[in-house]
Each structure stands twice: as C-alpha cells, then as structure tokens.
Amino acid sequence: MKKLLLSSIEVLVCIVMLYGQPTPRKVGEVFEYPDAHDPVAAYCDGRYYVFTTGMGIMSSSDMKTWRFEGSVLDSTPQWAAEKGFRWMPWAPDVQYINGMYYVYYSYSVFGRNISAIGVVTNKTLNPESPDYKWVDHGMIVESVPGRDEWNAIDANVIVDEEGTGWLAFGSFWRGLKMFKLDDTYMKMAEPQEWYPICRRPEGTTKDISGKDDGLEKDSRGSDFDAGNGAVEAPFIFKHGNYYYLFASYDLCCRGANSTYKVIVGRSQKVTGPYLDKEGRSLMDGAGTVVVSGNERYPGVGHCAVVDFGGTDYMFMHGYDKDYDYQSKLLIREVRWTEDGWPVVEL
C-alpha cells in the first residue's frame, strides 16, 4: 500500500466542519438512524455495508441497526497530499467486480474545480476476514483550473454487458460526463473515450480561460445562488433493457433551505443519450423527478440504487427537520412502473 499522510482525526474534524454533523466515536458503536452524506451500499458475507463522504463504513444485518466499522482511508493518500489536498475524501462509490471490491473516492476544494478521483480495492468488506485490507491505487483523473470545464468528483462506475467499465462523474460546472476505463477498472482507457451525459444550461457560464483560477459559483461557496444550475452525483443502474442515469439537481447542504432532489433519464446505450419520461434530453437540463423533499426532509439526494436479493433500493441522504436538519441516511424501496420508470416514496 502507498504511504498515507494526515491522521484520521483530521479527516473526522473536517467532516464535522463541512457538514456540521457528529461522526461515530469508535469502531463497534451501534446506532439505528445514522448521520450520513453521499451514501453508497454493497453486500458481503451476510451484511450490508454503507460508505459515506469521509469514507466511513457502517454495516448491518437488516438495514435498520448499523455498526461503525472504521474507515477506508485512515489518512490522506500520498498522491492526494502531494497535490495539496488536506481534507476528507468525498462521495465514494463501491462496486464488486470480478471478485474484488472497488471504492472510488474524490478529493476537492469547495467552489473550485480543483478535484481528483482515486480508487482503493479490497478482497472483502468483512473486517473480520484475514483478507481484509484496503489497497490504494492512486489517482484516475483530475480537473485542473483554466484547462477543464468539468469537475472530477462524485464518481460512479458501471460495467456494461460486454464487461467494459465506464466512470461517470461531475458536479456543477458544465455538467456530468463519463469516460471508458481500462481492463483494470482503475485507469482511463487508451485511446480516451469521453461522453457528456447530463448538464443544466443555467450552470454553464463558467469562464475556463484561466483568469478565474477555477473559481466557480458553487452552491457551497460564500457568494453564490446557483438557481437552476446545480447538478451532481451521477449514478447509473441497469434495469431491464435500459441504463438509468440518476442525478441530483438543485441545492444540498443548506439544512432547512436545501432544495435537493433526484431526477432520472434512461438510455439503451450506457453512453446515452439519456432521455426523461417525456423524451427530453438530460443534456438540456431535463429529467423526471424520482424523489424530492417534503415538510420533514426539505432536500434529499445524492443517491445510489442497488439490487439486494431481487429488490431494488435507493440509498440517499436527507436533511431531517426532526434532527435539526442533520444529514441522515435514508433507504427506500424502488418500484418500477409498467413502462419501466422508477418510483420512490419518501
């Protein structure tokens, strides 16, 4: 494993500072309604596992009572530290591919497209297994101010029917994109193959000439009202003959003022184009709303959709009025209409 820098305490402190929420205090702590941000889920050895921003791990036998299992990264990887990242890893994605668990993660700076995506692997998610060991494989892609009109964050990997891996990613800026992975699922394929998959025209005004040094009017910046331009957190799920692209629109991380929601479009090709129920393209800012906020949860989003035992579930976070708008883990069953569209009840 590559050398790691910075302590897990620093990572946890950053989580509290950025999200204003408590974190599990120790390995083995048990709780029923956990704080969570950007959750993704997998199943291993009879237990469900959830990974969140900060890359803490929780496990459960019933998806009701959860136990804190520690963190994927105890400290910042050397490659990230060398690029100047000194904060927590963001927005993980977990995939089980060819007998190996892959966890993709991001480092970033709020409001700027100074971001990068890396990957770690493990043979198992069971911390009691002798094979349990996280191995970091470094950076896959980065976004550079003045060069790129996209943001390398919120990674999600989908393996198509031919076994080819595709990494979807992005937030704000000029939308969500994807590129082809090589056979290791840890590097960009050569020659490079890129596709835009979703954008909101209201959010495409960023000057990429370099004079703004990558400064974007991101929803979490101090001087920005994103309006209808906010898009992030792609997640692609295969159901029937279609690939479904879920994404989060509008504003997260604002407590009672959050307007987060999940939209979807579908395509028979993994690379798109993704169209909503009305036939409108997600590249034009369209999208069929799957789930949005209500009186208790003003904003819900950054979802993952998984099949556990033949039932599809959406994992997401919501800002809960009953808990001072802390970001809480929400798990809801996904139902499918006769014409093949997902329905989620909050």
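Look up: the structure comes first, before these words.
Model, not experiment: these values are computed from the prediction.

Peer 1: Looking at this structure, I do not really get the overall build of the protein. What am I missing?
Peer 2: Helix and strand counts for the protein stand at two helices and 24 strands. With 346 residues in all, the protein has 58% of them scored as buried. In the protein, once contacts between residues fewer than 6 apart in sequence are set aside, the share between residues at least 24 apart is 54%.

Peer 1: What exactly am I supposed to notice about the packing of aromatic side chains here?
Peer 2: Here a ring pair, both rings aromatic, is described through the centre-centre distance and the interplanar angle of the planes. Applying the stated criterion across every chain yields a total of 26 aromatic pairs. Both rings, one in Phe-51 and one in Trp-134, keep their centres 6.1 Å apart while their planes meet at 90°; by these two values the pair is edge-to-face. Taken as a pair, Phe-51 in strand E4 (residues 47-51) and Trp-134 in the loop between strand E10 (112-122) and strand E11 (135-143) lie far apart in primary sequence, 83 residues in all. According to the relative accessible area criterion, Phe-51 is buried, its value standing at 0%. Overall, the relative accessible area of 6% leaves Trp-134 in the buried class.

Peer 1: What's the story with the sheet that holds strand E22 (residues 326-333) in this structure? I'm lost.
Peer 2: Within a sheet, adjacent strands bond to each other through the backbone by hydrogen bonds, running parallel or antiparallel. The sheet built from three strands is open, its strands ordered E20-E21-E22 with antiparallel pairing. Edge positions in the sheet fall to strand E20 (300-308) and E22, since each has one partner strand and no second. The sheet shows a mean angle of 20° between the axes of neighbouring strands, direction not considered. Bridge count between strand E21 (residues 311-320) and E22: eight bridges; the pairing is antiparallel. Residue pairing for E22: His-317 is matched across the bridge by Leu-329.

Peer 1: Help me understand the sheet that holds strand E17 (residues 242-249) in this model?
Peer 2: Read across the sheet, four strands follow the order E16-E17-E18-E19 without closing on themselves; strand pairing throughout is antiparallel. Only two strands of the sheet have a single neighbouring strand rather than two, namely strand E16 (231-239) and strand E19 (288-292). In this sheet, neighbouring strand axes are inclined to one another by 25° on average, regardless of whether the strands run parallel or antiparallel. Note that E16 and E17 share seven bridges and pair antiparallel. In the strand pairing of E17, Lys-238 is matched with Tyr-243.

Peer 1: Hey, could you run me through the environment of Asp-154 in this one?
Peer 2: Inspection of the secondary structure assignment puts Asp-154 in the loop between E11 and strand E12 (156-159). Note on Asp-154: relative accessible area 5%, which makes it buried. With 17 residues separating them along the chain, Asp-154 and Ser-171 place their C-alpha atoms 7.1 Å apart. In this view, Asp-154 contacts Ala-91, Ser-106, Ala-168, Phe-169, Gly-170, Ser-171, Glu-232, Ala-233, Pro-234 and His-302; residues no more than four positions away in its chain are not counted. Side-chain polar atoms of Asp-154 contact the backbone nitrogen of Ala-233, separated by 3.1 Å.

Peer 1: Can you walk me through the pairing of E21 in this structure?
Peer 2: With nine of ten residues buried, E21 lies mostly within the body of the structure. Taking the residues between adjacent antiparallel strands as the criterion, E20 and E21 are bridged by two residues, where Gly-309 takes a positive phi near 65°. The antiparallel hairpin formed by E21 and E22 contains five residues in its connecting segment, where Asp-324 sits at a positive phi of about 55°.

Peer 1: Help me understand the pattern of salt bridges, please; the structure alone is not making it clear to me.
Peer 2: With the rule as written, the count across this model stands at 14 salt bridges. Of the charged contacts, one joins Asp-35 and Lys-328 as a salt bridge, the two residues approaching to 2.9 Å between their closest N and O atoms. Remark: Lys-328 occurs in strand E22 and Asp-35 occurs in the loop between strand E2 (30-31) and strand E3 (40-44); sequence separation between them is 293 residues. Residue Asp-35 is classed as buried on the basis of its relative accessible area, which comes to 18%. In this structure Lys-328 comes out as buried when scored by relative accessible area, which is 7%. The closest approach of N and O atoms between Glu-161 and Lys-238, which form a salt bridge, is 2.5 Å. Taken together, the residues span a long stretch of sequence, with Glu-161 in the loop between E12 and strand E13 (165-169) and Lys-238 in strand E16 at a distance of 77 residues. Taking relative accessible area as the criterion, Glu-161 reaches 62% and is therefore assigned exposed. Sharing partners across several salt bridges, the network here consists of Arg-200, Asp-250 and Lys-261.

How each quantity is defined
Residues numbered from 1 in each chain as written. Predicted model: local features only at pLDDT ≥ 70, side-chain atom pairs only at ≥ 80, totals over all residues. Heavy atoms only, no water. Helix = DSSP H or I, 4+ residues; strand = E, 2+ residues; numbered from the N terminus. Buried < 20%, exposed > 50% of the residue type's maximum accessible area, 1.4 Å probe, protein only. Contact = heavy atoms within 4.5 Å. Phe/Tyr/Trp six-rings, centres within 6.5 Å; stacked < 30°, edge-to-face > 60°. Pairing = 2+ DSSP bridges. Axes fitted to C-alpha atoms, helices over the stretch in contact; angles between N-to-C directions. Polar contact = N/O pair within 3.5 Å; in protein donor to acceptor, adjacent residues only side chain to side chain. Salt bridge = Lys/Arg side-chain N within 4 Å of Asp/Glu carboxyl O.

By themselves these figures say nothing about function.
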